[in-house]
Amino acid sequence: VEIGELTGRARLQEQATIAAVRRVREHYADEATIYVGGVPLITSDMVAFVKRDMAIFGAIILVLFVVVLYLFFRQIRWVLFPIGTTAVTVLLTAGVLAAIGQPITAVSANFVPLLAIICISFTVHLITRYRELYSEYRDHVKKCQLAYETMTSKLAPSVYTALTTGVAFASLLTADIVPVVDFGLTMCIGIVIAFITTYSFFASVLVLLPKNVANDEPRATPRLTTALARISTEYPGRVLIGSVVIAGLTFVGIQQLDLGNRLVKYFRGDTEIRQGLNFIDTRLGGTVPLDVIVQFEPFEAEAEEEGDVFDDFASEPDPFPERYWFTPEKIRVLDQLQAHMASSPYIGKEVSLANLERIARAFNDGEALNYVKLTAVLGLVPPDVRADLIRPYASPETGQMRISARLRETGPAYDLNEIIASIETYARDELALTDDEVRVTGVAVLFNDMLEQLVASQMSTLAFVILATFIMFLILMRSFTLALVGLLPNLLAAGVILAFMGFTGIPLDVITMTIAAIVIGIGVDDAIHYLHRLRDEIDAGRSMVEAVRNAHSSIGRAMYFTSLTVIIGFSVLAFSRFVPTVYFGLLAALAMVLALASNLTVLPALLIKLSQRRGEKVHV
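Treat the numbers as computed from the prediction; the structure is a model and nothing was measured.

## Looking at the overall build of the chain
Now for step 1: A tally of helices and strands in the chain yields 21 helices and five strands.
Now for step 2: Summarising its shape, the C-alpha atoms of the chain cover approximately 110 × 55 × 45 Å along the three principal directions.
Now for step 3: Sequence separation of 24 or more characterises 82% of the internal contacts of the chain that already satisfy a separation of 6 or more.
Now for step 4: With an accessible surface of roughly 28300 Å², the chain has 62% of that area assigned to carbon and sulfur atoms.
Now for step 5: Between the mean site of the 50 positive side-chain charges and the mean site of the 62 negative ones, the chain shows a separation of 18 Å.

## Let's talk about the pattern of salt bridges
Now for step 1: Enumeration over the complete set of coordinates arrives at 17 salt bridges.
Now for step 2: Across the pair Arg-332 and Glu-329 runs a salt bridge whose closest N-O atoms are separated by 2.4 Å. Within this pair, Arg-332 and its partner Glu-329 are both found in helix H11 (residues 328-342), separated by three residues, close to a single helical turn.
Now for step 3: Of the residues examined, Arg-332 reaches a relative accessible area of 33% and is grouped as partly exposed.
Now for step 4: Since its relative accessible area comes to 43%, Glu-329 is described here as partly exposed.

## Describing the side chain of Thr-562
Now for step 1: With respect to the helices, strands and loops of the structure, Thr-562 is situated in helix H20 (residues 555-571).
Now for step 2: Polar contacts involving the side chain of Thr-562 include one to the main-chain carbonyl oxygen of Ala-558, which spans 2.9 Å.
Now for step 3: Excluding residues within four positions of it along the chain, Thr-562 makes contact with Ile-120, Ser-121, Val-124 and Met-592.

## Topic: unusual backbone geometry
Now for step 1: At Arg-74, a residue that is not glycine, the phi angle is positive and equals roughly 60 degrees.
Now for step 2: Residue position: Arg-74 is located in the loop between helix H2 (39-73) and helix H3 (77-99).
Now for step 3: Assessed through its relative accessible area of 42%, Arg-74 is described here as partly exposed.

## Overview of the packing of H2 against H20
Now for step 1: Two elements in contact, H2 and H20, have axes whose closest approach is 9 Å; the angle formed by their N-to-C orientations is 150 degrees. Overall, the two elements H2 and H20 adopt an arrangement that is roughly antiparallel. Crossing hand, H2 versus H20: right-handed. Listed contacts from H20 to Ile-61, Leu-64, Phe-65, Val-68, Leu-69, Phe-72 and Phe-73 of H2 are Tyr-560, Phe-561, Leu-564, Thr-565, Val-566, Ile-568, Gly-569 and Phe-570.

## Digging into the packing of helix H8 (residues 236-254) against helix H17 (residues 480-504)
Now for step 1: H17 packs onto H8 with a crossing angle of 45 degrees between their chain directions and a minimal axis gap of 8 Å. Viewed along their axes, H8 and H17 adopt a mutual orientation that is oblique. When the axes of H8 and H17 are compared, the crossing they make is left-handed. Taking contact as the criterion, the partners of Ser-243, Ile-246, Ala-247, Leu-249, Thr-250, Val-252, Gly-253 and Ile-254 in H8 are, on H17, Leu-492, Gly-495, Val-496, Leu-498, Ala-499, Gly-502 and Phe-503.

## Regarding the nonpolar core
Now for step 1: Among the nonpolar cores identified, the biggest contains 175 residues, and Leu-290 and Phe-326 are the most heavily contacted of them.
Now for step 2: Per element, the largest residue contribution to this core is 15 residues, and it comes from helix H4 (residues 111-137).

## Description of the state of the cysteines
Now for step 1: By the definition in use, this model includes zero disulfides.
Now for step 2: Left without a disulfide partner, Cys-119 is nearest to the cysteine sulfur of Cys-188, which lies 15 Å away.

## Section: the packing of aromatic side chains
Now for step 1: Within this structure, the stated rule accounts for 19 aromatic pairs.
Now for step 2: Relative to Phe-267, the ring of Phe-49 lies with its centre 5.5 Å away and its plane at 70 degrees, an arrangement referred to as edge-to-face. Pair noted here: Phe-49 is in helix H2 and Phe-267 is in the loop between H8 and helix H9 (272-283), with a separation of 218 residues, a long-range link.
Now for step 3: Under the relative-accessibility criterion, Phe-49 is labelled buried at 7%.
Now for step 4: Arranged with centres 6.2 Å apart and planes meeting at 50 degrees, the rings of Phe-49 and Phe-578 form a pair that is tilted. Of this pair, Phe-49 sits in helix H2 while Phe-578 sits in the loop between H20 and helix H21 (579-614), and the two are 529 residues apart along the sequence. Both residues of the pair, Phe-49 and Phe-578, belong to the buried class.
Now for step 5: Lying across the ring of Phe-296, Lys-330 places its NZ or CZ 5.6 Å from the centre.

## Description of the side chain of Ser-554
Now for step 1: Note on placement: Ser-554 falls in the loop between helix H19 (544-553) and H20.
Now for step 2: For Ser-554, the contacting residues outside a window of four places in its chain are Thr-128, Glu-132 and Arg-533.

## A look at H2
Now for step 1: In a regular helix each residue adds 1.5 Å, so 35 residues correspond to 51 Å; H2 covers 49 Å between its end C-alpha atoms and thus fits that length.
Now for step 2: Remark: the principal bend of H2, roughly 25 degrees, maps to Phe-57.
Now for step 3: Among the residues trailing H2, Arg-74 stands out with phi positive, at a value near 60 degrees.

Rules used throughout
Residues numbered from 1 in each chain as written. Predicted model: local features only at pLDDT ≥ 70, side-chain atom pairs only at ≥ 80, totals over all residues. Heavy atoms only, no water. Helix = DSSP H or I, 4+ residues; strand = E, 2+ residues; numbered from the N terminus. Contact = heavy atoms within 4.5 Å. Areas by Shrake-Rupley, 256 points an atom, 1.4 Å probe, with all protein chains shown as cover. Lys, Arg positive; Asp, Glu negative; His and termini not counted. Charge placed at Lys NZ, Arg CZ, Asp CG, Glu CD. Salt bridge = Lys/Arg side-chain N within 4 Å of Asp/Glu carboxyl O. Buried < 20%, exposed > 50% of the residue type's maximum accessible area, 1.4 Å probe, protein only. Polar contact = N/O pair within 3.5 Å; in protein donor to acceptor, adjacent residues only side chain to side chain. Axes fitted to C-alpha atoms, helices over the stretch in contact; angles between N-to-C directions. Parallel < 35°, antiparallel > 145°, perpendicular 65-115°, else oblique. Left-handed = near helix turned anticlockwise from the far one by under 90°. Core = buried A, V, L, I, M, F, W, Y, C linked by side-chain atoms within 4.5 Å. Disulfide = S-S within 2.5 Å. Phe/Tyr/Trp six-rings, centres within 6.5 Å; stacked < 30°, edge-to-face > 60°. Lys NZ or Arg CZ within 6 Å of the ring centre and 35° of its normal. Expected span 1.5 Å × (residues − 1). Bend = angle between axes of the 7 residues up to and from the residue.

Take a look at the structure:
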């Protein structure tokens, strides 16, 4: 609790400081061009951009959802159901998160649009099924029975989709990054609430409305699903060959994935913070701090042998006895290591005590200071100047000296691990320092390590997600082969979106890193609904080809409506000024396209080829 309070105070103080700096800049805006940058400003603006995007684009997405849903169903009730269910789900989720003290971060703030996808998927499938039953039994059943039949017929696939989606997001709980863990927990809570809300809110309101409503007939099957049905049933072999080719390209694309460790790239070029960071990066020596710590023997270890020599001549206590710890050899090590860093095109300005020693050479005929002159100069430095110029770069008590550098993020692409390896290799081979005596750290390393740990945790949990999803399919389909068939298209879709990121240069960051889990969650939802409907068609005595065509014209319609609604809505995020939000919107839209395409082409093609091999003996 105390840590939380102190963190909150520090955050408020930082925000107040940033606001004060910006007021100063605005005051002198007519007299000078003032740029503002720095890591605190980056983190503050990241949160501010996400909040602004959720407010502005959330309203736009809501309007688009309303328009698209009305165009699909031509009834206000079928617009209010999804929107109302989504609103209630988001409000309840926010209330639960507030009650348990769960914070909302720049990553977990995306739970609102993702819950919208889940809620709309649930309700659109229910609406489509209700309209099918109404068209078939409108004069033979009461509205309560019609609502009951709708809910029970979609209960099993909805339960399985909620479970599989929850498992996909639960994998984020094993990450080592707290904001990602918060995102996973937030989504798990939201999915449970979305399922309960949909099945209580939808049924309750449905029985209160009149049954017989004009234009409540299912519309014609969309041309896209009809075309995909024809391709899947007439050319299943070609579909599978094309899938194998795409899988090969996917492998190549995934190899080109890169980490989004350049903070400058998180903002559009026309934003104030990006302009400030660009100016600082190109004119003032770099943006993100990179520090090198060199470890020597602490001051206490050298005090006895060096301090006694000078203590004999001291007439009064030395105010800075640690100055005897500084030696020309230490400065030489710093100077050479710093020169090596300066030779890198990726490193901008670098500062250490070697810089001060170079200035002192101007008063020593250009010669390096010997031990006596070095300690004498340090003894003349006033305490306040010493605190500002020496203490930040040296700690005799611990034996550490620091080189402070900054990376150039607007220059050519770099691999931070290669930069670190170059520094460590030079220190080991040229300066005879051990690995324990040189440590590269700083914000750049911290952020890069965070992304690498996130990638590692996601890769390690991906097997768990796949296994858990496969078990869900196995329970639903009661067949190892069919469970594998249901899983493969969605693994292909997840691989394709990662390959797309690799080919287009979209980096993996704390937001886009979660897209694989999102694709699997969305894709498996579609597959479960499709397979559940396909099993009903097979049980009715239809052949596999006939069952596929009927499934495309029924459940395929619901999948099409859901996908197109979300695609249109999330495409709006492409206009955000925060680049990760742009990527998230575009990738979420692409995820819907891939999920729809894979489950309406690859999945039925696999089932048809399997049925042909087994002589129509496949029971879904």
